[in-house]
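Geometric and topological summary
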Amino acid sequence: MPLLIRNARLLTLAGGAAPRRGKALGDLGIIPTGEVLVTDGKISAVGPKVEAPAGAEAIDAGGRIVMPGFVDCHTHACWAGDRLEEWTMKLNGVPYLEIMKKGGGIHATVNAVREATQKQLAASLRDRLTLMLREGTTTVEVKSGYGLTTEAELKMLRAIRRAASDWSGTVVPTALLGHAVEGDHDTYTRMVVKEMLAEISREFPDIAVDAFCETGAWSVDACVKLFEKAGKHHPIRVHADQFNSLGMIPEAIRLFARSVDHLEATTKPDLLALAASPTMGVILPCTGFHTDQRYARGGYFVDQGGALALATNCNPGSSPTHSVPFAIALAVRFCGLSPAEAIVATTVNAAAVLGLTDRGTLEPGKRADLIILHHKDERALAYELGGNPVDAVICNGQLVTHT
Ligand code: NIG
């Protein structure tokens, strides 16, 4: 049955699927009082008044905001175990990279993931997906990267696929083949490039390939070798400049990476080069909030004409949150984004990072993933801290959560 949402403040973000850069990130395409018609899982009409067929189910939004569902384009939401012990160490002043060097951090989660079955990994991810949906996330990227062996990486990717299969939203898996290093750096990274990549490609031919370029993780050289090979068949993404600026950004641009994620330690010249390139920047402010109060200069990047996305980085070590509204609240306070820019960065631009052109705006023909907020002023989405601003979620045309 068609669904008509009436009497809504619509954030349409109309303007097509291309990522917004610079000033265009501030344009929400607002219709102050409007209607959306949903037919067969797709948006069929949007405007101040639309023609609905007799018998369409109607929701009166009562002036509340209706906007595209959130796209969380960077998470490590598939994991086992917890990192509460190391959090206590962190509270006592031990830095993230130091914990990792001592065999904790990512390695602690690797051990827990190796011990878990595929079914257990899928079940715990499924629980997190339920929480995400309630807070308005209708599309989420989930990375592997806690396996570090071919077998364990495949187990993670299969678990991600399994958890996705009965979720109302869309899960986009990413093969994070370069997350950490076991044993000798060069021997390990060579094994990934020569052996692991081929195995993963066989079962997941279209998947994006990612790496963590950082002191104590993957070197620039190793990332380049991985991406030069992977980039022939897979989109590539990279974690760069989280703690140290190692020179990955010019290489990522040269290799046409889809995105460079983190950017907390990025130099001005590198930010400028990235802003002028087709590669998108992704900022992850929940990480700085949880670890060391360092934030990427998202506002500066946008002012320089960059195409920016914003995500939760949901993971057990550096960002234990699944909430896009919380990421928005932090990006506005600490990264220099306006509320409107943060909304664009978590919808249409985040969809572009994942190569999805069918969502992220309220336009005819788009997938009907939309949310009704509790608020009547979109600035409140960034203003409010904690709590859930989402009253209803419609996924693929179906009302899936309603409070
Ligand atoms: O993006 N930096 C690398 N990966 C994650 C952290 C993963 C973890 O600590 O388990 C990040 O912050």
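Figured I'd write up the structure that's included with this text.

Cut-offs and rules
Residues numbered from 1 in each chain as written. Predicted model: local features only at pLDDT ≥ 70, side-chain atom pairs only at ≥ 80, totals over all residues. Heavy atoms only, no water. Near = heavy atom within 4 Å. Polar contact = N/O pair within 3.5 Å; in protein donor to acceptor, adjacent residues only side chain to side chain. Areas by Shrake-Rupley, 256 points an atom, 1.4 Å probe, with all protein chains shown as cover. Helix = DSSP H or I, 4+ residues; strand = E, 2+ residues; numbered from the N terminus. Buried < 20%, exposed > 50% of the residue type's maximum accessible area, 1.4 Å probe, protein only. 1 Å grid on protein atoms, 1.4 Å probe; cavity = no way out; pocket = protein on both sides within 12 Å on 5 of 7 lines; lining within 4 Å. Points joined across faces, edges and corners; volume = space filled by probe spheres on them. Nonpolar A, V, L, I, M, F, W, Y, C, P; charged D, E, K, R; others polar. Axes fitted to C-alpha atoms, helices over the stretch in contact; angles between N-to-C directions. Parallel < 35°, antiparallel > 145°, perpendicular 65-115°, else oblique. Contact = heavy atoms within 4.5 Å.

A short note on the site of the ligand
For the ligand, the set of nearby residues contains 15 residues, the closest of which are Arg83, Tyr96, Tyr146, Gln242 and Ser318. At 2.8 Å from an oxygen atom of the ligand is found a side-chain nitrogen or oxygen belonging to Arg83. Measuring from an oxygen atom of the ligand, one finds a side-chain N or O atom of Ser318 at 2.6 Å. In the complex, 100% of the free accessible area of the ligand, which totals 330 Å², lies under the protein chains.

Overview of unusual backbone geometry
One non-glycine residue, Asn7, lies in the positive phi region at around 55 degrees. With respect to the element layout, Asn7 can be found in strand β1 (residues 3-11). If you check the backbone angles, Gln293 has positive phi at about 60 degrees while not being a glycine. Tracing the chain through its elements places Gln293 in the loop between α10 (285-290) and α11 (298-303). Given the relative accessible area of 52%, Gln293 is considered exposed.

Looking at empty space enclosed by the protein
Tallied over the entire structure, the rule returns three cavities of 30 Å³ or more. A volume near 100 Å³ is recorded for the largest cavity. What lines the largest cavity is a set of 14 residues, among which His76, Tyr96, His179, Asn315 and Ser318 lie closest to the centre. Along the lines of polarity and charge, the residues of the lining of the largest cavity split into four nonpolar, nine polar and one charged. Size it by volume and the second largest cavity reaches roughly 50 Å³. What lines the second largest cavity is Pro68, Gly69, Phe70, Val71, Thr138, Thr139, Arg359, Gly360, Thr361, Lys366, Arg367 and Asp369. Those elements that provide at least two residues to the lining of the second largest cavity are β6 (70-72) and β7 (137-143). Of the residues contributing to the lining of the second largest cavity, the split by class is three nonpolar, five polar and four charged.

With respect to the packing of helix α6 (residues 185-203) against helix α7 (residues 220-230)
In the contact formed by α6 and α7, the axes pass within 10 Å of each other and the chain directions differ by 5 degrees. Compared by their axis directions, α6 and α7 come out roughly parallel. Only Ala222, Lys225, Leu226, Lys229 and Ala230 of α7 make contact with α6, whose side of the interface consists of His185, Thr189, Val192, Val193, Lys194 and Leu197. Looking at the contact of α6 with α7 residue by residue, the class counts come to six nonpolar, two polar and three charged.

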